[in-house]
Amino acid sequence: MQRIRLRYTKRGRLRFTSHRDFQRAFERALRRAEVPMAYSAGFTPHPKVSYANAAPTGTGSEAEFLEIALTERRDPETLRVLLDESLPAGLDITDAVEARTSGLADRLTASVWELRLDGVPVDDARKAVEAFLTAETVEVQRKTKSGIRTFDTRAAVAELVADRPQADPQGDRPAGDACAILRLVVRHVTPAVRPDDVLSGLRAVADLAPPVPAAVTRLAQGLFDEESGTVTDPLAPDREAVTAAPPTAAATAPATAPEAGPA
């Protein structure tokens, strides 16, 4: 059995697809691309697909990850192209590697988010960020399946910066004076702290309330490096393992001439 790890996106209007919607679309893409999937046992077999830390519905993402199990070996890049062509635009497969290491989910310890706050002056956003970062705790409430829960958002935030938007050549994010961009690095803790929780925290400490809902996009997720404060690529160990792996015996065996048949 071969395992392939994929990185995919949720862009544009496809950010509003739920995780279940993506699952259905991805399983259809597997059938269209004729991927030799491994299936679970039991009365209702299903493709062996493992999803890792999916983004909430309504948020865009450049860094979602999943893993699939195959019954036959396939080239990861060829498989990526076939699956990407079988998915709608906006759900794009951007990377594929063969799984050579264990614990992909264990390497997803933090996310980098971008929050676009239309109608919020940058100076107001910076003052709110300063108040948030200087606070020891910033408690917010969120409704969960078990009821209203109160938790601290400050401890999960490793970095929070407010800046002006940069011009986007594609026109999706036009620059403007009354608009602030928040860059947020959040550790994956329990209970999970989401970007909207941090916005609730900014409202609590500085009364920052955007007039329109924030446009939220996950830019990256991976292992958080405490020394550099960066989030590393979770697929890098698999790529490094492929590079470091010694050639197989079949590849290194010297070529031999065929034996001569009887005269």
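Residues numbered from 1 in each chain as written. Predicted model: local features only at pLDDT ≥ 70, side-chain atom pairs only at ≥ 80, totals over all residues. Heavy atoms only, no water.

(A) A look at the layout of surface pockets. A volume near 190 Å³ is recorded for the second largest pocket. Taken together, 14 residues form the lining of the second largest pocket, with N53, W113, A192, V193 and R218 sitting closest to its centre. Residue assignment for the lining of the second largest pocket shows that the elements contributing at least two residues are β5 (110-118) and β9 (179-187). (1 Å grid on protein atoms, 1.4 Å probe; cavity = no way out; pocket = protein on both sides within 12 Å on 5 of 7 lines; lining within 4 Å. Points joined across faces, edges and corners; volume = space filled by probe spheres on them. Helix = DSSP H or I, 4+ residues; strand = E, 2+ residues; numbered from the N terminus.)

(B) Inspection of helix α4 (residues 195-206) at higher detail. Between its terminal C-alpha atoms α4 stretches 16 Å, which fits the 16 Å expected from twelve residues at 1.5 Å a residue. Taken as a whole, α4 has its buried residues at P195, D197, V198, L199, G201 and L202. Of the residues flanking the end of α4, it is D207, one or two places downstream, whose phi is positive at about 55°. (Expected span 1.5 Å × (residues − 1). Buried < 20%, exposed > 50% of the residue type's maximum accessible area, 1.4 Å probe, protein only.)

(C) Summary view of the side chain of T59. Relative to the helices and strands, T59 resides in the loop between β2 (49-52) and β3 (60-70). A relative accessible area of 11% places T59 in the buried class. Once you skip the residues sitting within four places of it in the chain, T59 turns out to touch K10, R15, W113 and V216. (Contact = heavy atoms within 4.5 Å.)

(D) Broad picture of the pattern of salt bridges. The tally for this structure, following the rule as stated, stands at 20 salt bridges. For R218, the salt bridge is made with E64, and the minimal N-O distance between the two is 2.8 Å. Separated by 154 residues along the polypeptide, R218 in strand β10 (residues 215-225) and E64 in strand β3 bring together distant segments of the chain. For the residue pair R218 and E64, the accessibility class agrees, reading buried in each case. Because the salt bridges share partners, they merge into one network encompassing R3, R5, E67, R107 and D238. (Salt bridge = Lys/Arg side-chain N within 4 Å of Asp/Glu carboxyl O.)

(E) Spatial organisation of the nonpolar core. Residues L115, L160, L182, L184 and L202 are the most contacted members of the largest nonpolar core, which totals 27 residues. Where this core is concerned, the elements lending two or more residues are β5, α3 (122-134), β8 (157-163), β9 and α4. The dominant element in this core, judged by the number of residues it contributes, is α3, at five residues. If we ignore the near neighbours within four places in the chain, the residues touching L160 are V129, F132, L133, L182, R183, L184, V198 and L202. (Core = buried A, V, L, I, M, F, W, Y, C linked by side-chain atoms within 4.5 Å.)

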